[in-house]
Amino acid sequence: MTDATTALLDELRTHVGAHHVLTHDDPGTDLGAWEQDWRKRSHGRALAVVRPGSTAEVAAVVAACARSQAATGVSIVPQGGNTSMVVGAVPDATGKQIVLSLQRLNQVLALDAGNSTLTAQAGCVLQTLQHTARDAGFLFPLSLAAEGSCTIGGNLGTNAGGTQVVRYGNTRELCLGLEVVTPQGQIWNGLSGLRKDNTGYDLRNLLIGAEGTLGVITAATMKLVPLPAAQLTAWTAVPSMEHAVALLGLAHKTLGAGLTGFEVMGQFALSLVARHMPASKVPLYETTPWCVLLEVSDHESEEHARAQFERLLEAGMEQGNITDGVVAESLSQAKALWQIRENLPIAQAMEGLNIKHDISIPISRIPEFVRVTDAALAQALPGIRMVDFGHLGDGNLHYNVQAPAGEDAAAFLRAHETTVNTLVFDSVTRFGGSISAEHGIGSLKVDKLPGYKSPVALDMMRAIKRALDPTNLMNPGRVVRVQV
Ligand code: FAD
Ligand code: 2HG
Ligand code: ZN
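Residues numbered from 1 in each chain as written. Chains lettered and ligands numbered in written order. Predicted model: local features only at pLDDT ≥ 70, side-chain atom pairs only at ≥ 80, totals over all residues. Heavy atoms only, no water.

Focus on the site of ligand 2
Going by this rule: When we say a residue is near a molecule or strand, we mean one of its heavy atoms is within 4 Å of it. Side-chain atoms alone can form a polar contact between residues adjacent in sequence; in general such a contact is a pair of N or O atoms within 3.5 Å, and within protein one must be able to donate a hydrogen while the other accepts it. The protein chains shown are the only cover counted for residues, whose accessible areas, like all others here, come from Shrake-Rupley with a 1.4 Å probe. The numbering of helices and of strands both runs from the N terminus, where a helix is a DSSP run of H or I of at least 4 residues and a strand a run of E of at least 2. Only Asp, Glu, Lys and Arg are considered charged, only Ala, Val, Leu, Ile, Met, Phe, Trp, Tyr, Cys and Pro nonpolar, and every remaining residue, Gly among them, polar.
By nearness alone, every residue bordering ligand 2 is listed as Met85, Arg341, Pro345, Lys356, Phe389, His391, His398, Asn400, Glu438 and His439. One nitrogen or oxygen atom from the side chain of histidine 398 is found 3.0 Å from an oxygen atom belonging to ligand 2. Within the contact set of ligand 2, an oxygen atom lies 2.7 Å away from a side-chain nitrogen or oxygen of histidine 439. Expressed as a share of its isolated accessible area of 290 Å², the protein-covered part of ligand 2 is 91%. Those elements that place two or more of their residues in the shell around ligand 2 are β18 (385-391) and β19 (396-402). Grouping the constituent residues of the shell around ligand 2 by class yields 3 nonpolar, 4 polar and 3 charged.

Quick look at the structure:
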């Protein structure tokens, strides 16, 4: 370690306290939890994991790193819950990156009932925001399977989607203000809670979805909505993706703004839950290619919601879009159905390493996309297994690929991941879609993006990155590569 690096680590200890600067040299310290990503796609080596306890400490850490960068070559990887799907929050292998963990900034700061807003520090776990809102009679509607460990800072960093976007929008739509530490270590307090503010460039929306490349989000003011009087869940069997899309149209018409979730799940994907989590009783999947999970929220009453749902299911059956279905009779039944859906990523991980896609396509074109792309993949790589599921209500599919049964998954990925990605992304492009609808670019897709994004858009992105972070201190090699 050079003198400059030793001096930097000493300075960081003075800012956050010695026991919040963790290094490999500390006896008995294992940094694996911060260095290994959730999907086990990358295990890097950090110079240190630094755990500030306040915004001022985050600013001091960033400023110290910025000052020493020329001498040390250090850079910063912001990390929340480390549930990134695209290797966005772990260090690379150089041993020169600081993991800036936001986990100690975990407080809800304020709930303004009159303004229907909640302000929380960036390291606050999503579930804490949900519970705090509920205790005050509100709903915080961001919902995803990682909600017990992902943080609001990470949700904002990735502009996370989840299972209620069809009604409430992505994280960006739920955010009214941010507090941010800039790459120079300055603090921007934009926690206004205002619903309207046209005083120039929208810095809040620029920082959201920037994956930690433009600054560190330290706190956020989020919108709350009234708690619905009732929420109901239905699980249906549908005979094809065409029918699933037709059912979505019918659900919009019948339920109006009440349609809160519309998730599609392929037979093979569900079979993985049944195999790896035998305690979950997966309904209907054995005899149908697709199941759809629907959620309605109602501001009148449970009876009203049930009547609407029954109307939808009857019409769906008459039109042949649904072949069978169940409406959850209790909250615990509804939870069990959602649990099956939310367990899909874990069941897929239990099946082995895999190739994930979080693509979006205009909804009307999804059936043809799936047919054409499934066929092309099957021809290119006979035996591969498609783990398809996702947020059909938002036109967002997790069009995932698992190695052929019995084949070594790591070897399959090494040999074929590029072929699979290229084939899928080319097809997405032909269908007018996006190669990432929710998980972001991270480092897994950073070298793919230039092939699928307009060069003009990429130039603007690089110009923004260079203007805000001219020395490439913040999460380099993520989203867009720049030369400094
Ligand atoms: P991390 O993984 O720690 O970080 C993610 C990115 O944000 C990184 O680039 C990181 O540098 C940056 N970042 C983190 N904190 C900050 C901060 N304070 N300031 C600036 N940048 C920051 N995503 C969806 O969109 N929809 C889903 O339905 C969904 N389901 C998931 C289910 C499972 C089981 C898992 C494991 C992941 C899922 N994800 C989903 C992916 C993941 O993006 C989200 O879980 C979440 O948004 C990441 O939050 P995190 O705190 O774990 O962030
Ligand atoms: C989900 O919708 C997440 O469950 C994860 O976005 C998707 O595992 C996946 O591919
Ligand atoms: Zn998703």
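Focus: the coordination of the zinc ion (ligand 3)
For a metal bound by four donors in a tetrahedral arrangement, the ideal donor-metal-donor angle is 109.5 degrees, while six donors in an octahedral arrangement ideally sit at 90 or 180 degrees. To be explicit about the condition: The donor definition counts N, O and S atoms within 2.8 Å of each metal and applies 3.2 Å to Na, K and Ca; water is not among these atoms, so some sites may look incomplete. Residue burial is assigned from relative accessible area. The probe radius is 1.4 Å, only protein chains are included, and a residue is buried under 20% of its type maximum, exposed over 50%, and partly exposed in between.
Protein coordination at the zinc ion (ligand 3) comes from His391 (NE2), His398 (NE2) and Glu438 (OE), with a distance range of 1.9 to 2.1 Å. In terms of primary sequence, the donors binding the zinc ion (ligand 3) are separated according to H-x6-H-x39-E. On the criterion of sequence distance, the pair formed by histidine 391 in strand β18 and glutamate 438 in the loop between α14 (409-430) and α15 (449-452) is long-range, its members being 47 residues apart. Summarising the burial analysis for this pair, histidine 391 and glutamate 438 share the class buried.

Considerations on the nonpolar core
Stated formally: Side-chain atoms within 4.5 Å are what join buried Ala, Val, Leu, Ile, Met, Phe, Trp, Tyr and Cys residues into a set we call a nonpolar core. Note on contacts: a residue pair is in contact if any heavy atoms of the two residues lie within 4.5 Å.
Ranked by internal contacts, the top residues of the largest apolar core, which has 56 residues, are Met241, Leu247, Phe262, Leu294, Phe309 and Leu377. Only β12 (230-238), α8 (241-255), β13 (259-266), β14 (290-298), α10 (302-318), α13 (366-380), β19 and α14 provide two or more residues apiece to this core. The dominant element in this core, judged by the number of residues it contributes, is α8, at 8 residues. Among all residues touching leucine 377, those that are not within four sequence positions of it are Ile384, Met386, Tyr399, Val401, Val420, Leu423 and Val424. Ranked by size, the runner-up nonpolar core spans 54 residues in total, among them Val16, Ala48, Val58 and Ile208.

By themselves, these observations are geometric and do not establish any function.
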